[in-house]
Amino acid sequence: MDGSMPVKGNAAEMISDILARQKTAWALDVTPEAAVRLDRLDRLERMIGAWSERFSAAISADFGNRSAVSTTLTDIVPTLAAIRHARRHLKRWMRPRRVGLSWTGWPASALLIRQPFGVVGIVAPWNYPLNLVLSPLVGALAAGNRAMLKPSELTPGFSEALRVAVGEHFAEDEVAVIAGGPEVAAAFTAAPFDHLIFTGSTAVGRKVAEAAAKNLTPVTLELGGKSPAILDRSADFESAVPRLIWGKLLNAGQTCVAPDYVLVPRDRIEVFLVAAKAAVAAQYPTISANGDYTSIISERHFERLTRLVDEAREKGATVVSLAGEGDPERRLFSPVAVVGAPDDCTLMQEEIFGPILPVVPYDTADEAIAYVNGRDRPLALYWFGTDRVSERKVLTSTIAGGVTVNDTILHLSQDDLPFGGVGASGYGAYHGEAGFLALSKEKPVLRQARWSAVTLLYPPYGRLADWLLKLLSRFA
Ligand code: NAD
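Residues numbered from 1 in each chain as written. Predicted model: local features only at pLDDT ≥ 70, side-chain atom pairs only at ≥ 80, totals over all residues. Heavy atoms only, no water.

> Help me understand helix α7 (residues 202–215), please; the structure alone is not making it clear to me.
Side chains of residues three or four places apart in an α-helix project in the same direction, reflecting 3.6 residues per turn. Taking 1.5 Å of rise per residue, the 14 residues of α7 would be expected to cover 20 Å, and the 20 Å separating its terminal C-alpha atoms lies within 8% of that figure. Burial in α7 covers these residues: G205, V208, A211 and A212. Projected down its long axis, α7 shows its buried positions confined to an angular sector of 125°, all on one face. Opposite the buried face of α7, at more than 90 degrees from it, the exposed residues are A203, R206, K207, E210 and K214. Here the buried face of α7 lies against α6 (182–190), β6 (195–199) and β7 (219–222). (Helix = DSSP H or I, 4+ residues; strand = E, 2+ residues; numbered from the N terminus. Expected span 1.5 Å × (residues − 1). Buried < 20%, exposed > 50% of the residue type's maximum accessible area, 1.4 Å probe, protein only. Arc of directions from axis to C-beta. Contact = heavy atoms within 4.5 Å.)

Okay, structure coming up:
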């Protein structure tokens, strides 16, 4: 096997060199057989198996603290599940689809053939560093592509481990890792890939879409934003609040689909806060002692969260501590709820990406829906309640990347549910067959029969053509 090189010297040259070699290798086997793809998926699975402990340790060191249980639960297991799911369904996904023709096409026949695009570029963020670089890779390999991976500069230990692990298990012209920061990332996304999957912030997503447009490279943009949770009047707070808190505090809120803020009936705010404190106490009896609570990724991110809370407080919001002291030294940010933050504070404008939960009061269900619809289309929406009429109203009146009803996060844990945003939270989707299709060209092929009715319409046109056109005008 050939190790992928860390980026030194001219990153753009190195990227274009590896891309050219991957394209050449791909051209020698444009549509790989299932056996080739299964072998790549097997190698990916073996790689994760052999490296899981080293990956976990590197991720924990990159974060400051992140428990191995968290990494196994949110990075390793979902990626292994995606590999196994792809392997189980691969032959069915690859099969050409027969398509029925209208009578005007008789007696021809038609097929849809699913083919790889070629070389896929995958750019990933730091928050689930393994899952978000390798899950898109599962779709890329299953669809028969080759791939280049650009993990985040904020998880340098993991990126280095990934580079070595990939080098051990794949030839560089199959899968390669390019490590580096924003400059390398910009050079990467400017390269003429056959498809790009970018996971990251909306601001950088815009730049990626622009760079890709120059090459007409199709892009899947998996972005973030403010995902709302709505506690309906019919919600059972005893079961709903712990589920909401679990989703909010997973990875200390550094989750793209974390509930960003919660809409609560105005007269139940106090009940909600009591339940939220109880839920945090049950899940994290200690913030700093047992290692279950994840650190904020960097000093800069920690300070930003502190500023978000300070600004909201200065503008009149009430900050309610949901647990004991955090530990700034280890970047353990103790969770807080913020009630009554005005709309113009940064907390209510930007994606929070941390353990701060704004609580927004509402009086009627219509008001809650209007609040959601008055903002960018979110990546996820959560609704808690037992009133089916109310549930249906929210589902039909709002647009979101995905929804979990009566829980949080879980819609993206299922490989048969496409995962992707809408509007400011991105476009395109992956996971399972959606990921396979996102990275395949579905090529329509019409096979003409020995006898073709179209010949009756060849010029010169006479009475037959007139009659046929009348027929077509009425019945085609
Ligand atoms: P980010 O946008 O800052 O960085 C993501 C990646 O983009 C990194 O690899 C970075 O090196 C690269 N990058 C930086 N500048 C670039 C440029 N000019 N051109 C091309 N690439 C560039 O995001 P982040 O801080 O790593 O991650 C947090 C964000 O990601 C949040 O907004 C979160 O919601 C979002 N996110 C979305 C999903 C999803 O699946 N939709 C998942 C996780 C995170």
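> When you look at the domain arrangement of the chain in this model, what are you seeing that I'm missing?
Often the size quoted for an interface is simply the accessible area lost on bringing the parts together. For the chain, the domain assignment lists domain 1 (11–223 + 426–442) and domain 2 (228–417). In this structure, domain 1 and domain 2 have C-alpha centres spaced 30 Å apart. Across the contact, 21 residues belong to domain 1 and 21 residues belong to domain 2. Of the roughly 1700 Å² buried between domain 1 and domain 2, counting both surfaces, carbon and sulfur atoms make up 51%. Connecting domain 1 to domain 2 are zero salt bridges. Remark: the boundary between domain 1 and domain 2 carries 10 residue pairs in polar contact (both at pLDDT 80 or more). Elements that contribute at least two residues to the side of domain 1 that touches domain 2 include exactly α2 (34–63), α3 (68–94) and α14 (432–438). (Domains from an automatic or database assignment. Buried area = accessible area lost by both parts, 1.4 Å probe. Salt bridge = Lys/Arg side-chain N within 4 Å of Asp/Glu carboxyl O. Polar contact = N/O pair within 3.5 Å; in protein donor to acceptor, adjacent residues only side chain to side chain.)

> Quick question: what am I supposed to make of the pattern of salt bridges here?
When the charged atoms of two side chains with opposite charge come close together, those side chains can pair. For the structure shown, the criterion picks out 28 salt bridges. Two residues, E433 and R114, come together in a salt bridge whose shortest N-O distance is 2.9 Å. On the criterion of sequence distance, the pair formed by E433 in helix α14 and R114 in strand β2 (residues 109–116) is long-range, its members being 319 residues apart. Its salt-bridge partner being K150, residue E153 comes within 3.5 Å of it at the nearest N-O pair.

> In this structure, what is going on with the site of the ligand? I would like to understand it.
Inspection of the region around the ligand gives 29 residues, with A124, E153, S201, L223 and E351 positioned closest. Within the contact set of the ligand, an oxygen atom lies 3.3 Å away from a backbone nitrogen or oxygen of G200. Considering the ligand on its own, with 850 Å² of exposed area, one finds that the protein chains cover 90% of that surface. At the level of secondary structure, the elements contributing two or more residues to the shell around the ligand comprise α6, β6 and α7. With four residues, the top contributor of residues to the shell around the ligand is α6. Residue composition of the shell around the ligand, grouped by class: 17 nonpolar, seven polar and five charged. Among the domains, domain 1 (11–223 + 426–442) and domain 2 (228–417) are the pair contributing at least three residues each to the shell around the ligand. (Near = heavy atom within 4 Å. Areas by Shrake-Rupley, 256 points an atom, 1.4 Å probe, with all protein chains shown as cover. Nonpolar A, V, L, I, M, F, W, Y, C, P; charged D, E, K, R; others polar.)

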